[in-house]
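# Architecture at a glance
Each chain, written out:
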Amino acid sequence: MTGMAEMSTAAAVACTAAAVWLLGERNSAARRARSLFAGGGTAGSGPPGWRRMTPELLRHLGGRLRAEWWAPVAGLALAVLGASVLPAVLGAAGVPLLRRVRLAGRARRDQERRADAVIALCGTLAGEVRAGRQPGEALLRAAREGGGLADAQATVLAAARFGGDVPGALATAARQPGAEGLRGLAACWRVAVDQGAGLAAGLDRLTAALRAERDQRSDLRAQLAGARTTAVMLAGLPALGLLIGTALGAEPLHVLLHTPAGLGCLVAGGVLEGAGLWWVLRIVRGTEAAT
C-alpha cells in the first residue's frame, strides 16, 4: 500500500507539472501574440480589429497541441483519479496510434484534393484547346490556373514549355495517390499528337468519367458513414459505463485498476474492443478499395 501511495503521489505531481507547463506555454504564446498584434500594449489597447482577431488567435493556439497529445493528458488525469500509473502508461502508448490515425486522415484529404485538381485540370485544358490554343500552350495555362498538383506541376510545365515528353511527365505525376486520372490525360495526349485525334473531345469524356468515379466514391462514403458512426458509438460505451458507475459511487476505476478480476476485465475488454474496431475499419476500407 505504501508503494502504491508513492506511485499515486508521483503521478499526481507529474500531472500537475504537465498542466503548469502547458498553461505556461499557452500564456507565453498569448503574450507574444498580443505584443505582436497589439504593439505590446494591454488586451484592450490594441487596434479595433483585435477583438475580432482574438477568437481566431485562441483557436490557433488551441490547435498547436496535436490531437494525439491529449491522450497522455487524459491518462494522467485518470491516473490521479484512479490512484494508479497504468492509465498514464496507456495514454502515452496511445500517442503513436492517434498520430497514425491523424496522418492517415491528412493523406486521405490530400488524395481527394489531388483528384479534384486533376478533374479541374482536364476541364480547363479542354476549354483552352477548344478556344483554339495549341496543346502545349493550353496545358501551360491550365496548369497555372489549376491548384492541388504542386508536386507534379513543375515537371509537367517544363515538358510542355520545352517540347519534352509530356505524356511521360503526366504518367510520372500520376503515381501520386489521387492523381491517377493523369494517366488518362497522358493517353489522350498521345492519341491527339500521334494520330491527330481531337484532344478536346477526349478530355471531355475523361472529365465526365473522373467526375462519375468521384461521385460514386462520395456516395459510397456517405453510405458507410453510418457504419463508422455506429462503431465509434459502441467503442465509447465503456467510457460511458465508467462515468455512470462513478456517478453511482461504485468506484469502477478502483475495481479495474486495483483488483485482479478488474485488471483481467480491463485487458480482455481492451483487446476485444480494439479487435472490433480494427475489424469494422478493415471491412469499410475493403469496401472502399473495391470500388
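Cut-offs used in this document
Residues numbered from 1 in each chain as written. Predicted model: local features only at pLDDT ≥ 70, side-chain atom pairs only at ≥ 80, totals over all residues. Heavy atoms only, no water. Helix = DSSP H or I, 4+ residues; strand = E, 2+ residues; numbered from the N terminus. Buried < 20%, exposed > 50% of the residue type's maximum accessible area, 1.4 Å probe, protein only. Contact = heavy atoms within 4.5 Å. Areas by Shrake-Rupley, 256 points an atom, 1.4 Å probe, with all protein chains shown as cover. Phe/Tyr/Trp six-rings, centres within 6.5 Å; stacked < 30°, edge-to-face > 60°. Patch = residues over 30% accessible without salt bridge, like charges linked within 9 Å, V, L, I, M, F, W, Y side chains within 5 Å. Salt bridge = Lys/Arg side-chain N within 4 Å of Asp/Glu carboxyl O. Lys, Arg positive; Asp, Glu negative; His and termini not counted. Charge placed at Lys NZ, Arg CZ, Asp CG, Glu CD. Axes fitted to C-alpha atoms, helices over the stretch in contact; angles between N-to-C directions. Parallel < 35°, antiparallel > 145°, perpendicular 65-115°, else oblique. Left-handed = near helix turned anticlockwise from the far one by under 90°. Nonpolar A, V, L, I, M, F, W, Y, C, P; charged D, E, K, R; others polar. Expected span 1.5 Å × (residues − 1). pLDDT = per-residue confidence, 0-100. Polar contact = N/O pair within 3.5 Å; in protein donor to acceptor, adjacent residues only side chain to side chain.

## Regarding the overall build of the chain
Broken down by element type, the chain carries 11 helices and zero strands. Traced from its N-terminal end to its C-terminal end, the chain shows the element sequence α-α-α-α-α-α-α-α-α-α-α. Per-residue burial over the chain gives 27% buried out of 291 residues. Nonlocal contacts in the chain, meaning residues at least 24 apart in sequence, comprise 56% of its contacts between residues at least 6 apart. Total accessible area on the chain is roughly 18,000 Å²; 64% of this is exposed by carbon and sulfur atoms.

## Let's talk about the packing of aromatic side chains
Enumeration over the complete set of coordinates arrives at one aromatic pair. A ring pair is formed by W278 and W279, whose centres lie 6.0 Å apart and whose planes are at 50°; its orientation type is tilted. Among the residues examined, W278 registers a relative accessible area of 52% and is labelled exposed. Take W279: its relative accessible area is 45%, and that puts it in the partly exposed class.

## A few points about unusual backbone geometry
The phi dihedral of A83 is positive, around 55°, even though this residue is not glycine. In this fold, A83 is placed in the loop between α3 (70-82) and α4 (86-130). The residue E251 is not glycine, and still its phi comes out positive at about 55°.

## Thoughts on a positive patch on the surface
Side chains of R66, R100, R106, R108, R109 and R285 sit close together on the surface and give a patch of like positive charge. With four residues, the single largest contributor to the positive patch is α4. Tracing the backbone shows R106 in helix α4. Taking the relative accessible area as the measure of exposure, R106 reaches 41% and is therefore partly exposed.

## Re the packing of α3 against α4
Interaxial distance between α3 and α4 falls to 7 Å at its minimum, and their mutual angle equals 170°. Taken together, α3 and α4 sit at an angle that is classed as roughly antiparallel. Judged by the twist between their axes, the crossing of α3 over α4 is right-handed. In this structure, α3 contributes A71, P72, G75, L76, L78 and A79 to the contact, and α4 contributes P87, A88, G91, A92, V95 and L98. The residue inventory of the contact of α3 with α4, partitioned by class, reads 10 nonpolar, two polar and no charged.

## A closer look at the pattern of salt bridges
Close approach of charged atoms allows side chains with opposite charge to pair. Using the criterion set out here, one finds 10 salt bridges in the structure. E128 is the partner of R133 in a salt bridge, and the nearest nitrogen-oxygen pair spans 2.6 Å. Classification of R133 by relative accessible area gives partly exposed; the value is 28%.

## Details of α3
Between the first and last C-alpha of α3 there are 18 Å, a value that for 13 residues agrees with the 18 Å anticipated at 1.5 Å per step. Just beyond α3, the residue with positive phi is A83, at close to 55°.

## Observations concerning the confidence of the model for the chain
Looking at the chain as a whole, its pLDDT mean stands at 76, while 73% of the residues score no less than 70. Note that pLDDT drops below 50 for residues 1-13; the model gives that stretch eight contacts with residues more than four away or on any other chain. Contacts for the low-pLDDT stretch residues 19-51, under 50 throughout, to residues beyond four places or in other chains number 24 contacts.

## Some thoughts on a nonpolar patch on the surface
A surface patch of nonpolar side chains, amounting to about 640 Å² of accessible area, comprises L234, L237, L240, L243, I244 and L248. Its location among the elements puts L240 in helix α9 (residues 199-247). By relative accessible area, L240 is classed as partly exposed at 45%.

## Regarding the side chain of E68
Following the sequence through the fold, E68 ends up in the loop between α2 (50-63) and α3. Only 2.9 Å separates the side chain of E68 from the side chain of R102, close enough to count as a polar contact. If we skip the residues at most four places from it in the chain, E68 touches V95, L98, R99 and R102.

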